[in-house]
Amino acid sequence: EFVMGYLEIIRPLNCSITFISVLVGAWVGRGMVLSLPLILAGGAGFAACAFGNIVNDLLDVEIDRINDPRRPLPSGRARREGAIAVAAFFGLAGILIALRLGRNPMLLVFCALVLLFLYAIYFKRTTAANPVVALIASLSFLLGGWIAGNNFCLVPFGFALLIHLPREIVKDVIDLEGDRPAGVRSLPIRFGARPALVLSAILLGLLAGLLPLPYLLKILSFRYMVVVILGALPLLVFIIIKIIKVLGKPDRPALMRLSALLKVVMGIGLIGFIVG
């Protein structure tokens, strides 16, 4: 259980999604081709994501005691000193791998690591938290695109912004109980849960409307359309309707389920970009 605590603090699923996102940034509209620089870039993305996750948990122990006491640090399944050592390992690994990449990809990884650190120590407690997280999460597509010289990476980059931003807002509404006494000035705390959820629904609606665009612009094939129209679009519509239904009284368990569903939509979107 002790080892599992450190594994959990890394959030390996999120890091694996980052790795795949780097590959998708290189493949979108082109085809699946692996190369050593691309694999290294994916590894750098994985390491940067792990670093950010651990640093975030280290600085959020007291908040997590309220919002999610089952997390490894507040539950005692991972120790602070051990978590710091693991974070240092992944941060250094990300930097060393980045040095093997070209100038632009290297700078992108460095910027991502700096943003992850600044987010954990400062941005997380401000209204800038949501756009900063959305940007960091979307950069993985640009990294893969720059490695492969693929400008089509801007398509998944833009879509990632439009799904990560509303998901982060929903997560902030979920965390209101623990964030408010901790002095966090998140969007829902500053402007209210209802306006924050309305903004999330609007952004998700915009994303749903833009889903066919890569096919209409002949960037991706009809296979992409089949995946997103049959898989992602119905889920997005369902999530938007559910968000609207809880506007009057935000339901924490319901919003947690919607946040999890948005991650499923992300997975379906990645599949659509790969097969398209």
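See the structure shown above.
Bear in mind that the values here come from a model prediction, so they are computed numbers and not experimental data.

Draft legend 1. Structural detail: the overall build of the chain. Secondary structure assignment for the chain yields 15 helices and 0 strands. Taken over the C-alpha trace, the chain has a radius of gyration of 19 Å; the compact-globule value for 276 residues is 19 Å, and the two agree within 12%. C-alpha atoms of the chain, sized along the principal axes, occupy 50 × 45 × 30 Å. For the chain, long-range pairs separated by at least 24 residues make up 73% of all intrachain contacts whose partners lie at least 6 apart in sequence. Summed over its atoms, the accessible surface of the chain is roughly 13,000 Å², and 69% of this surface lies on carbon and sulfur atoms. Averaging the locations of the 26 positively and 14 negatively charged side chains of the chain gives two centres separated by 9 Å.

Draft legend 2. Quick look at the packing of aromatic side chains. Applying the stated rule across the entire model yields 6 aromatic pairs. Aromatic pair F159 and F273: ring centres 6.0 Å apart, planes at 50 degrees, arrangement tilted. Here F159, found in helix 9 (residues 154-174), pairs with F273, found in helix 15 (residues 252-275); they are 114 residues apart in sequence, far enough to count as distant. Here F159 and F273 have matching classes, each one buried.

Draft legend 3. Expanded view of a nonpolar patch on the surface. Taken together, the side chains of L213, Y215, L216, L217, F222, V226 and L230 make up a nonpolar region of the molecular surface, amounting to roughly 720 Å² of accessible area. Only helix 13 (213-216) and helix 14 (222-245) provide two or more residues apiece to the nonpolar patch. Structurally, the position occupied by L217 is in the loop between helix 13 and helix 14. The exposure class assigned to L217 is exposed, which follows from its relative accessible area of 55%.

Draft legend 4. Seen up close, helix 7 (residues 103-121). Under the 1.5 Å per step criterion, the end-to-end length of helix 7 is 27 Å for 19 residues, consistent within 8% with the ideal 27 Å. Among the residues making up helix 7, those that are buried are P105, M106, L108, V109, A112, L113, L116, Y119 and A120. Taken down its axis, helix 7 places every buried residue within 165 degrees of arc, on the same side.

Draft legend 5. Examining the environment of S21 more closely. Following the sequence through the fold, S21 ends up in helix 2 (residues 12-27). Taking relative accessible area as the criterion, S21 reaches 4% and is therefore assigned buried. Considered as a pair, S21 and E8 are 13 residues apart in the sequence and their alpha carbons are 20 Å apart. With residues up to four places along the chain from it excluded, the contact list for S21 reads S140, F141 and L270.

Conventions adopted
Residue positions are counted from 1 within each chain, in the order its sequence is given. Residues qualify for local features only when their pLDDT is at least 70, as the model is predicted, and side-chain atom pairs are given and counted only at 80 or more; totals for whole chains, interfaces and linings, by contrast, use all residues. For side-chain calculations, the full set of non-hydrogen atoms in the structure is used, while hydrogens and water are omitted. The secondary structure listing takes helices from DSSP runs of H or I that are at least 4 residues long and strands from runs of E that are at least 2 residues long, numbered from the N terminus. Each radius of gyration is computed over the set of C-alpha atoms, and the globule rule expresses the reference value as 2.2 Å times the number of residues to the power 0.38. Contacts were defined at the residue level, with two residues in contact if any of their heavy atoms lie within 4.5 Å. Residue exposure ignores everything except the shown protein chains as possible cover, and the areas themselves are Shrake-Rupley values with a 1.4 Å probe. When charges are counted, Lys and Arg contribute as positive and Asp and Glu as negative, whereas His and the chain ends are disregarded. Throughout, a charge is located at the NZ atom of Lys, the CZ atom of Arg, the CG atom of Asp or the CD atom of Glu. Pairing of aromatic rings covers Phe, Tyr and Trp, the last counted by its six-membered ring, and requires centre-to-centre distances within 6.5 Å; plane angles under 30 degrees mean stacked, over 60 mean edge-to-face, and any other angle means tilted. Using a 1.4 Å probe on the protein chains alone, a residue whose accessible area is under 20% of its type maximum counts as buried, one over 50% counts as exposed, and one in between counts as partly exposed. Exposure above 30% relative accessible area and the absence of a salt bridge qualify a residue for a patch, where like charges join within 9 Å and nonpolar side chains (Val, Leu, Ile, Met, Phe, Trp, Tyr) within 5 Å. Just to be clear on terms, a salt bridge is a Lys or Arg side-chain nitrogen sitting within 4 Å of an Asp or Glu carboxyl oxygen. In this analysis, the expected span of each helix is defined as 1.5 Å times one less than the number of residues it contains. When we speak of the arc, we mean the arc of directions from the helix axis to the C-beta atoms.

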